[in-house]
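Residue-level structure breakdown
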Amino acid sequence: MTYQLPKVWSAADSDQGKFSGINQPTAGARFEQKLPVGTAPFQLYSLGTPNGVKVTIMLEELLAAGVTGATYDLYKISIMDGDQFGSDFVKINPNSKIPALLDQSGHKPIPVFESANILLYLAEKFGKLFPSDLSGRTEVLNWLFWKTGAAPFLGGGFGHFFNYAPEKLEYPINRFTMEAKRQLDLLDKELAKKAYIAGDEYSIADIAIWSWYGQLVQDKLYPGAAEFLSATSYKHLVTWAEKIAARPAVQRGLAAVYQEIK
Ligand SMILES: N[C@@H](CCC(=O)N[C@@H](CS)C(=O)NCC(=O)O)C(=O)O
């Protein structure tokens, strides 16, 4: 039956598919929760999704670069079970999304949320994977902010309708595939000109973009999406994705073991 647009939308009448157990139209904690806290400088509450792996990869890159202060305890926030709505998690990230980081290395613990901001925080704190000159910094931030604006069209748009929605709907799939392919073409054209997305050096922008777009073209995100999007035609993007996937720290970040929280 065709959808009849009501005058006022109501959550109670909305089918949220496989997310109906967690999606609600309100923010804030839904239950009391005591999260475990370890002794490492960083406490990371997360999951191995594209947004989550950015942070384990970054911490592993820092450790590989000899930053001894970058050790971390890693806890699993099961988003389909709603762990992100518990009171302790919400204290770190009021937006109830993984990843959430607590830096307890200083006098007062610092909560850090939004994956790109976590990368920036760690890069600035340790002076790694982020240039110090204004033009180099700005180019990394151009691409880091690009990722933050672009990835929701890929994940929440294309990925949702291609992979998660209860039905394959032609209009949203066409709309978001058009945009996903435009983004892939942009990255491919940029990576034809340089070794890494912000220039000659590997940076936090590569980590952020690889976690979505690199994994997508390697068909690690949504089964069948690489073929659907003709990913092999984006040759420079694929070469860059393979180069980053081969980094030992990236492999360690992807294989990181999450401790249960209960
Ligand atoms: N812009 C945020 C997005 C984070 C995000 O969407 N996380 C997802 C998993 S990849 C999540 O926690 N979803 C749980 C929910 O929506 O309830 C970031 O980059 O950190």
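Here we summarise the structure given alongside this text. (Residues numbered from 1 in each chain as written. Predicted model: local features only at pLDDT ≥ 70, side-chain atom pairs only at ≥ 80, totals over all residues. Heavy atoms only, no water.)

Turning our attention to helix α8 (residues 235–245). Taken as a whole, α8 has its buried residues at L237, V238, W240, A241, I244 and A245. Down the axis, α8 shows its buried residues gathered within 165° of arc, on one side only. Facing away from the buried side of α8, by more than 90 degrees, are the exposed residues K235 and T239. In this structure, the buried side of α8 is in contact with α5 (170–191), α6 (204–217) and α9 (248–255). (Buried < 20%, exposed > 50% of the residue type's maximum accessible area, 1.4 Å probe, protein only. Helix = DSSP H or I, 4+ residues; strand = E, 2+ residues; numbered from the N terminus. Arc of directions from axis to C-beta. Contact = heavy atoms within 4.5 Å.)

This part takes up the sheet that holds strand β4 (residues 110–113). Reading across from one edge, β2-β1-β3-β4 is the order of the four strands in this open sheet, with mixed pairing throughout. At either margin of the open sheet sits one strand with a lone partner, and together these are β2 (72–76) and β4. On average, each strand axis in the sheet is tilted by 20° relative to the strand beside it, whichever way the strands run. Strand direction decides the pairing type here: strand β1 (residues 42–46) and β2, joined by five bridges, are parallel. Within the sheet, the bridge partner assigned to Y45 lies in β2 and is Y75. Contacts from helix α3 (residues 115–126) reach β1, β3 (100–103) and β4, with the element oriented near 130° to β4. (Pairing = 2+ DSSP bridges. Axes fitted to C-alpha atoms, helices over the stretch in contact; angles between N-to-C directions.)

Further remarks concern the pairing of β1. Where burial is concerned, most of β1 is hidden: five out of the five residues are buried. As a crossover connection, the stretch from β1 through helix α1 (residues 50–64) into β2 is right-handed. Of the pairings in the sheet, the one linking β1 to β3 comprises four bridges and is antiparallel in character. Residue F42 lies in a different strand from β3, and its bridge partner there is D103. (Right-handed = clockwise from strand over helix to strand, strands pointing away.)

Under the definition given, this model contains 13 salt bridges. Residue K194 pairs with E139 through a salt bridge whose shortest N-O separation is 3.9 Å. Separated by 55 residues along the polypeptide, K194 in the loop between α5 and α6 and E139 in helix α4 (residues 134–164) bring together distant segments of the chain. Put simply, D185 and K189 hold a salt bridge, and the shortest N to O gap is 2.6 Å. One end of the pair is D185 and the other is K189, both in helix α5 and four residues apart, which spans about a single turn. One salt-bridge network, in which partners are shared between bridges, spans E139, E190, K193 and K194. (Salt bridge = Lys/Arg side-chain N within 4 Å of Asp/Glu carboxyl O.)

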